Amino acid sequence: MEVNPPKQEHLLALKVMRLTKPTLFTNIPVTCEEKDLPGDLFNQLMRDDPSTVNGAEILMLGEMLTLPQNFGNIFLGETFSSYISVHNDSNQVVKDILVKADLQTSSQRLNLSASNAAVAELKPDCCIDDVIHHEVKEIGTHILVCAVSYTTQGGEKMYFRKFFKFQVLKPLDVKTKFYNAESDLNSVTDEVFLEAQIQNITTSPMFMEKVSLEPSIMYNVAELNSVNQAGECVTTFGSRAYLQPMDTRQYLYCLKPKKEFAEKAGIIKGVTVIGKLDIVWKTNLGERGRLQTSQLQRMAPGYGDVRLSLEAIPDTVNLEEPFHITCKITNCSSERTMDLVLEMCNTNSIHWCGISGRQLGKLHPSSSLCLALTLLSSVQGLQSVSGLRLTDTFLKRTYEYDDIAQVCVVSSAIKVES
């Protein structure tokens, strides 16, 4: 009968502790009315409790700090810190001690040890200490693998390891929306407004230290999250930029194409890269976290081969009185010359003044021409300017432009201010 030898006990002991900030001690206040049986007993006990705040005993938040009682939550973007200690519990000298700490994620294995060199010897009751840090960049299960190898006095090589599993949670929910605007009338590419909705999905408030947009090479960015008050730039979120649990805050940015890209018609089209958000926050006792989104993309508006934009139009006009608008026609093609004919089609409320079907001549690639047009409205109210048609005689292709803009039509008895 085969007998297995008894398992040899290790001479070294491994201890691993996560390093976190302490938290404020909280107590549960117990009070009652003075006419109740305990009288002032509960209130007096709270006043005598050293963990309560003098004069605010019924508040749950105290003045004392308490050490973490468990591993706690780790959120994406925060720094995971851990203390690793290997202690010689035996009465003999141990040689060639090698301590290795790896962090295993769902996609990779990272070496977090400060040094991969072995310690020559470790005397009894002595220890080897190490502190590791890692900025968490993945969500999900993480496993800290701590391995220890050493050699006994008898020359026997020993090895053991321990596993510590923890979850990395998502701290913020970020949603983005894009809006196109024709704010730059001298270029052929619209400005882009980005709205970033950031929600705190943790259980504690956050101090939003920085939320910025790093634009791509094609854009310049302007932040629209502050106002000028008495010559001083003040954030729109107030002096205390705290984000409570489950609260959402909207940040707005304006991206304008750089000159070298804006001057070329149609160069920014299809799916374009806008940039990425950089978010920095702090939690209760100053723990810092940082997240960067992946590159944000948006579908640029498609104008086809010909783009028609408005350079000038009045806001308010008189009923049945002519008014003038200025249109800009751009050939968005980079290689084809167009021969354009303009047709003006009346609608129920908008009537065009002038000759329909007139020749505009040849329009070369990536070039533009401005056109002054006259029209009038026969109906009061907010009216939509529609009915322009451009035909390319080379390809026999017609481009229709409706709902170009809106004007407010008022009675001629009301004086329209210029």
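Sequence order as written defines the numbering, with residues in each chain counted from 1. Owing to the predicted nature of the model, reporting of local features is limited to residues with pLDDT of at least 70; listing and counting of side-chain atom pairs is limited to 80 or more, with chain, interface and lining totals taken over all residues. By convention in this description, side-chain values take in all heavy atoms of the structure and omit both hydrogens and water.

Focus on unusual backbone geometry
Stage number 1. Even without a glycine there, the phi angle at Met 246 is positive, about 70 degrees.
Stage number 2. Under the DSSP-based scheme used, a helix requires at least four consecutive residues in state H or I and a strand at least two consecutive residues in state E, with every element numbered from the N terminus. The topology assignment puts Met 246 in the loop between strand 18 (242-243) and strand 19 (248-257).
Stage number 3. We call a residue buried when its accessible area falls under 20% of the maximum for its residue type, exposed when it is over 50%, and partly exposed in between, using a 1.4 Å probe and counting protein chains only. By relative accessible area, Met 246 is classed as partly exposed at 49%.
Stage number 4. Positioned with a positive phi, Asp 403 is a non-glycine residue whose angle comes to about 50 degrees.
Stage number 5. Secondary-structure assignment places Asp 403 in the loop between strand 32 (397-401) and strand 33 (405-410).

Some words on the pattern of salt bridges
Stage number 1. Should a side-chain nitrogen of Lys or Arg be within 4 Å of a carboxyl oxygen of Asp or Glu, the pair is scored as a salt bridge. According to the stated counting rule, one finds nine salt bridges in the structure shown.
Stage number 2. Lys 282 is the partner of Glu 209 in a salt bridge, and the nearest nitrogen-oxygen pair spans 3.4 Å. Highlighted residues: Glu 209 in strand 14 (residues 206-215) and Lys 282 in strand 20 (residues 271-282), separated in sequence by 73 residues.
Stage number 3. Look at Glu 209 and you get partly exposed, because its relative accessible area is 35%.
Stage number 4. Across the pair Lys 210 and Asp 278 runs a salt bridge, and its minimum N-O distance is 3.1 Å. Taken together, the positions of Lys 210 in strand 14 and Asp 278 in strand 20 put the pair 68 residues apart, joining distant regions of the chain.
Stage number 5. The buried category is assigned to Asp 278, whose relative accessible area is 0%.
Stage number 6. Overlapping salt bridges, with partners in common, bring together Lys 100, Asp 102 and Arg 109 in one network.

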